[in-house]
Structures are given as structure tokens and as C-alpha cells.
Amino acid sequence: MNTDLQAALTQALLSHDKVWANEEKTVLAKNILLDLVEKTDPTIIGLLLGNDDLKRHFFVEINGVLVFKLQDFRFFLDKHSVNNSYTKYANRIGLTDGNRFLKDSSDIVLDFPFKDCVLNGGQSTEEGEEIYFKRNNDQSDSQLYTKLTRKRQEIFFNQTLAFDEIDRLFDAKAFSKFTRYTADGKQAVGEIKRHADGTIAENLIIKGNNLIALHSLAKQFKGKVKLIYIDPPYNTGNDGFKYNDKFNHSTWLTFMKNRLEIAKTLLADDGVIFVQCDDNEQAYLKILMDELFHHRETIVALTSTASGVNAVNVKRGEQMFKLKEYILFYSKSPKFRFNPLLIKSSFNSNYKYEVIFENGEYVITDLKSKMNNTELEEYCLNNPKNIFSLEKNNSKAGEKIKQVIEISKTNNKEVIEFENSFGKTILVYDGGVFIPLQERILTEENKNFYGLLISDLWIDEVFQTSSSEGGVTFKKGKKPEKLIKRIIELATNENDLVLDYHLGSGTTAAVAHKMNRQYIGIEQMDYIETLAVERLKKVIDGEQGGISKAVNWQGGGEFVYAELAPFNETAKQQILACENSDGIKTLFNELCERYFLKYNVSVNEFSQIIEEPEFQSLPLDQQKQMVLEMLDLNQMYVSLSEMDDEQFAGCLNDDDKALSREFYQSAKNQAEKKDGE
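If you're wondering where the values come from, they're calculated on a predicted model, not measured in any experiment.

## Here's the deal with the sheet that holds strand β10 (residues 204–207)
- Pairing within the open sheet is mixed, and its 11 strands lie in the order β9-β8-β28-β10-β27-β26-β11-β13-β15-β14-β25. Lying at the two open borders of the sheet, with one neighbouring strand each, are β9 (185–187) and β25 (457–458).
- Sheet topology note: the strand β11 (residues 225–230)/strand β13 (residues 267–277) ladder contains five bridges and is parallel. Pairing of Tyr229 across the sheet is with Phe274, part of β13.
- The strands that helix α9 (residues 282–290) touches are β13, β14 (294–302) and β15 (324–331); relative to β15, the one it contacts most, it runs at about 5°.

Structural data, given as C-alpha cells:
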């Protein structure tokens, strides 16, 4: 009977593509199947009902209605390990949310309590509301008041959609407020510039939910992005604002998974992604990324020094000073090769031989016999062309060069030339190989430094930055331009496309601009205009902070700013801006008349609830959460296909609509259009 049921189940589900662990449809993906039946997916339930054996075994009739016996079905899958799928999933080293593997979850987390969130009135998480209290009247004026700082406790809500709630969420979205910024200032966008193959050639700064924006960008940039760098929220719990009750560890991982999956489709085959994080989620994030990408390196970066740590915030005896963060480096393809880089280091005094070829022979001078260490360093760095060290540890060298080295030992006065398999001439002398200093020279601002090949431990000055680098003050989480420069140099060449969908203060875009890379930056917070856009305007004007001098930045270039055209997102912001219960009551009717609510919301019932004293006595954050739950999250932004509907009148002007259509034109159509001009 059990064998027959297994066969019946396999046969019944053949027409469903999502429940199989392999393309041949011989192994059922148990966790995906369970996820769908737990959500009473009508297609799955219909397929089970279509088989008499399955219907008889897993359904019971109650008052003329068939009821699915979920526990029996779950027990059957667990006990009999259908087609070994249970073993397949049980043996997977992965992450779960308590009920299923995260990889199999279809939940979508839209919003998130952002690290570095700027609160009302431009208040950062480090700042507070200044309150003055009068002290004793007999004290002098200078001592009359004491200032206290009271941090606001605000909620930044996250919202989650289950699989069966998602319909138009990822449709292409219309854009509004197109603006071009150049050295001549702010201009209208006449057309969207493209490369010869029809791909969009603009530097783009986009305001909107990054998950929805990424899906819209995929329509144009699928397989085009060479580098993604993100510095996502770290989930520390110490951000100075509270999380709503639904936020937890698995929510954070789901949030990351949703975005990493679509980001992967944007990456070119030779593309890479760098994700910065700290100890709070590093281990779990690595497991998640291991399932999506090919691991290259886990970089440990020194982000502060012990002398710079605020000891007041460290629980002595309970925790150590936090000096490091991690940068997870992954590629889309296992064949990716990064660009070798040199990192500044103290001079290696073994580079002491000056080797000059003259009159048909090599003349060798040991400079250390003529100079002290300071003089040697200065001379060698300023004249590196003919400076060498002598490396005698060549155990890993090829057989041919080993033979040449052995020959050179018999005549230590003679330099022997050897050409390796790459066609490079190597000088062998006295049983060793001459290593050229020229290959270890790092030049910045016309000055030479000694460098070592980059490793996975970044403890140099790459994290040194001022709080106002690039003309932007961002107290927590702002990454230095030197760091982004290093990552861009490792993974890209000029004109490659760089993406940062947690743009924050705009460091990635600013550095990419100065290094002649095309870029896309996405940020949901309102400070995108006051921080990132203002920063990039300064970059165009030729500001000399950050890496400007190192790359000889002189200004110029341009970028286009646009916003995902908001609809229910506007309603959400209005709800969050309410300062009391009366504000929520006043807004309620407008929400019902103007915006899209979930299909199952009972407006009449809710209109009575908000009048009740019990509702009004709830904390304001809970009231906001209840009203937010009414909104249809599929309609946060205006879909391209619906932007001409009367419902969205006022959301976009005619220019926005025309440019939105042009944005989504296929690369092929654009190339044909250009050829015809």
C-alpha cells in the first residue's frame, strides 16, 4: 500500500514543476511540497484530489466537505522518505526558519530596520532630543540648566508576504522624477543613453524599495553587472531604534536571500559580489551565500583600533573589543579571476642588489654595503627599475629552472638568463633567482611605496576615513572610499558596471564615478537626496576628498536620478508620519478611498475598531502596524503596465511615462533604432 501511495503521489505531481528536486522529476523536494500544502495551494490540493488513492488516504469528508489531513500527509512524507527526498534535505547543511530550509522558503521580506537609519527631522541613531531641566535657582547662570539627551524609540517596520499573497509585486515598475545631474547642474532627461549594443549606459541613482527595484532593473541589466558591493543592515539589535515584533534572525536571513537571488541574475557570468558584515550574522550569511554563489574568500578587515574603542560600551569581562568586520567575496562562476593588487607595506631591505646590463654583461652592486637602511629605502623606491632581491627558496620552481639554479651555484659570479613558460626572462645568480622590485612598487600621488600582494587579512589603512569624507557626514556605517576603491580594482576594469543596492551615503557610487566605472545605486531612505545625490554633485564638481588625489580626479561626468513611482508606498509614509491616534483616524478614510487595500480587509469593521477606546489606548506604534497591515503590498509602486490607469493619475507626468517606456525598451530594439538613424 505504501509503495502504491508513493507511486501515486509521484504520478499525480508530474505536471507541477516546482515540487521536484531534479530536472528529471524523479526526486520530490519534500520541503517545497510541504510548504505548498501547508499554505493550501489550490493546484497541489487539486492534484492530490485527482487521484482516488490519495483522496481516500489524505482527505476526510465532514458534512459534505472534504478536509485535507495535513498531519497524516506530513507523517507519510517523513516516515517513507518519498524517493529519498527526505534524506536529500536532511543531509543538507543549511539554514532553517524552524519549519523548513530557508532555501526553500518563498516568503518575501519587503522592508527592514535599516542600520544607519536617519530618523525624523534628520536625527540619526546616534543623536537624541535635547531636553533642558532647570536646577537650583541659587546656582550661577552657567550651571542653571542641565542637558540630557533622550533617544527616541521609533519603530521601522518590516513587512513579509507569503507565497500566495504575491501577484504583481515584481512586475516592471514605472519611474518618476527623472533628473540628470551634470557639471552644468540639474537638467531634464531628454533621452536615456545607451551603449552600442542597446544596453543602458547611464549612471543611475534610484530611490525605492531595493527588492522591487532589483526586479525592475533585471528587465534591462540581466547578466550585465560586473561587481556588486553591499553593506547591508548588520542585525545588531543596538541601532538605537526598535524592531517591530515580527523581526528576528530568520527574517533577516530571508530579507538577504530575497535580494541575493535576484542580484545573482543581474551579475555577468564573470561577475562577483562582496558583502560586508560583522559577527552577528557572518556565519549564517556565509552558509546562505554558499548555496547561491561560488566562495572565493572570507576577508577579515581591521575596522578600528584598540585605542579608538569606546571602553564605556564594552562589558568588561564579558566581551572583547570589536576591531574587525568581514567581507564575503563570491563569484557567479568558479572560473573568475581577480586582478592582483599590491598593499602598502614596510620596505623589504632584501631588495639591495642593483643589477645593470652594460658592455654585454651584468654588473651587480650590493647597495647595502654603501648605504644605511634609510638611504637604501629612499634610493630603491625612487629608482626601482634595476633593483632586485635574491630569493634562494625555490623548492616550488619547475624542474628546468631548478637545473639552471643548480648550474648557477657552480659559478656564483655569472648571471644566467632563463625564459619561463610565459615568455618572461628570469635572472638566476648564485643559486637563487633575482626578484625585481619594480613588480612590488605601488604608486600613489606620484610617490612610490613598497607593496605586498593582497591577502585575505586587511589590516592596513584602508579603513581610515574622516567622518565627512566626500562632504557627507554619516556617523555610523559609512565606508571609506579607499575600501571601495580596492574592491573595484580587484574585480573590475574601466567602464564595467558596479551595483550597490544598499547605497547609504553613496560611497560606492562616488568611487565608481571617480574610477570611470558605470554604476547603479539603490536606496529607499529619504536621505538619498540629501546624502548620496549631494555627494555625487560634489564629485562632478571635482571635490578632492577620499581617493580623488590617488586617481587624479578632476571632476566631470553625470548621473541620472529617478524614483520608483510610489502609490501605496505614499500611503505607508503617511501612516508612519502620524503623531497620534487622531492622525490615524483622520487618514483612514483617505486610505480607503485613494489606495489599494488587501482584498480581505473589512473596511466597515476596521472603521469601528479605530473608534474604540481599547484601540486608542494601544501604543502608537502598534496602531500604525495594524493600519499598515491593511495595505496591498503588491501595489507599493505603480506598475509600468498600469501607469495610464485613472487610479494613478497624478503619480506620473507625461515625461515620466515616456521615459519609463523608453527605459524598458529591449536592447535589440534600441540597437535597431540607432542603426536606422
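Still more ground to cover, so stick around.
## A word on helix α7 (residues 210–221)
- With respect to burial, α7 is a largely interior element, 11 of its 12 residues being buried.
- Of the positions making up α7, those classed as buried are Asn210, Leu211, Ile212, Ala213, Leu214, His215, Ser216, Leu217, Ala218, Gln220 and Phe221.
- You can read the cap of α7 off the contacts: a side-chain oxygen lies 3.0 Å from the backbone nitrogen of Leu211, and it is on Asn209.
- A positive phi of about 75° marks Gly223, the residue just after α7.

## Some words on the sheet that holds strand β19 (residues 387–391)
- Sheet architecture is open: six strands sit in the order β18-β17-β19-β22-β21-β20, paired in antiparallel fashion. If you trace the sheet from one side to the other, it starts and ends with β18 (361–366) and β20 (415–419), each paired once. Recorded for the sheet is a direction-independent mean angle of 40° between the axes of neighbouring strands.

## Regarding the pattern of salt bridges
- According to the stated counting rule, one finds 38 salt bridges in the structure shown.
- Salt-bridge contacts for Arg168 lead to Glu642; the nearest nitrogen and oxygen are separated by 3.6 Å. Of this pair, Arg168 sits in the loop between β7 (160–161) and β8 (175–182) while Glu642 sits in the loop between α19 (620–628) and α20 (654–663), and the two are 474 residues apart along the sequence.
- Between Glu444 and Lys344 there is a salt bridge, and its shortest N-O distance comes to 3.2 Å. Here Lys344 lies in strand β16 (residues 342–344) and Glu444 lies in strand β23 (residues 441–444), a separation of 100 residues in the sequence.
- Look at the salt bridges and you will find they share partners, linking Asp167, Arg168, Asp632 and Glu642 into a network.

## A word on the packing of helix α12 (residues 481–491) against helix α13 (residues 507–514)
- Where α12 contacts α13, the axes come no closer than 9 Å and their chain directions differ by 60°. What the angle tells us is that α12 and α13 run oblique. Like other packed secondary-structure pairs, α12 and α13 cross with a definite hand, here right-handed. Contacts between α12 and α13 involve Glu481, Ile484, Lys485 and Ile488 from the former and Thr507, Thr508, Ala510, Val511, Ala512 and Lys514 from the latter.
- Residues of the contact of α12 with α13, tallied by class, amount to five nonpolar, two polar and three charged.

## Quick word on the packing of helix α15 (residues 568–577) against helix α16 (residues 581–594)
- Axis separation between α15 and α16 bottoms out at 10 Å; the angle between their running directions is 170°. In terms of orientation, α15 and α16 fall into the roughly antiparallel class. Between α15 and α16, the contacting residues are Ala571, Gln574 and Ile575 on the first element and Leu587, Glu590 and Leu591 on the second.
- Split into classes, the residues belonging to the contact of α15 with α16 amount to four nonpolar, one polar and one charged.

## Topic: the nonpolar core
- Counting 60 residues, the largest nonpolar core has Leu260 and Leu285 as the members making the most contacts within it.
- Top element by residues in this core is helix α8 (residues 249–266). It accounts for eight residues.
- In this structure Leu285 touches Trp252, Leu253, Met256, Leu260, Val275, Cys277 and Leu328, once residues within four positions along its chain are discounted.

## Considerations on unusual backbone geometry
- A positive phi angle, close to 50°, is found at Asn63, a residue other than glycine.
- Residue position: Asn63 is located in the loop between β1 (59–62) and β2 (65–68).
- Residue class for Asn63 comes out exposed when judged on its relative accessible area of 77%.
- Positioned with a positive phi, Asn516 is a non-glycine residue whose angle comes to about 60°.
- Secondary-structure assignment places Asn516 in the loop between α13 and β27 (518–523).

Reading guide: rules and limits
Residues numbered from 1 in each chain as written. Predicted model: local features only at pLDDT ≥ 70, side-chain atom pairs only at ≥ 80, totals over all residues. Heavy atoms only, no water. Pairing = 2+ DSSP bridges. Helix = DSSP H or I, 4+ residues; strand = E, 2+ residues; numbered from the N terminus. Contact = heavy atoms within 4.5 Å. Axes fitted to C-alpha atoms, helices over the stretch in contact; angles between N-to-C directions. Buried < 20%, exposed > 50% of the residue type's maximum accessible area, 1.4 Å probe, protein only. Polar contact = N/O pair within 3.5 Å; in protein donor to acceptor, adjacent residues only side chain to side chain. Salt bridge = Lys/Arg side-chain N within 4 Å of Asp/Glu carboxyl O. Parallel < 35°, antiparallel > 145°, perpendicular 65-115°, else oblique. Left-handed = near helix turned anticlockwise from the far one by under 90°. Nonpolar A, V, L, I, M, F, W, Y, C, P; charged D, E, K, R; others polar. Core = buried A, V, L, I, M, F, W, Y, C linked by side-chain atoms within 4.5 Å.

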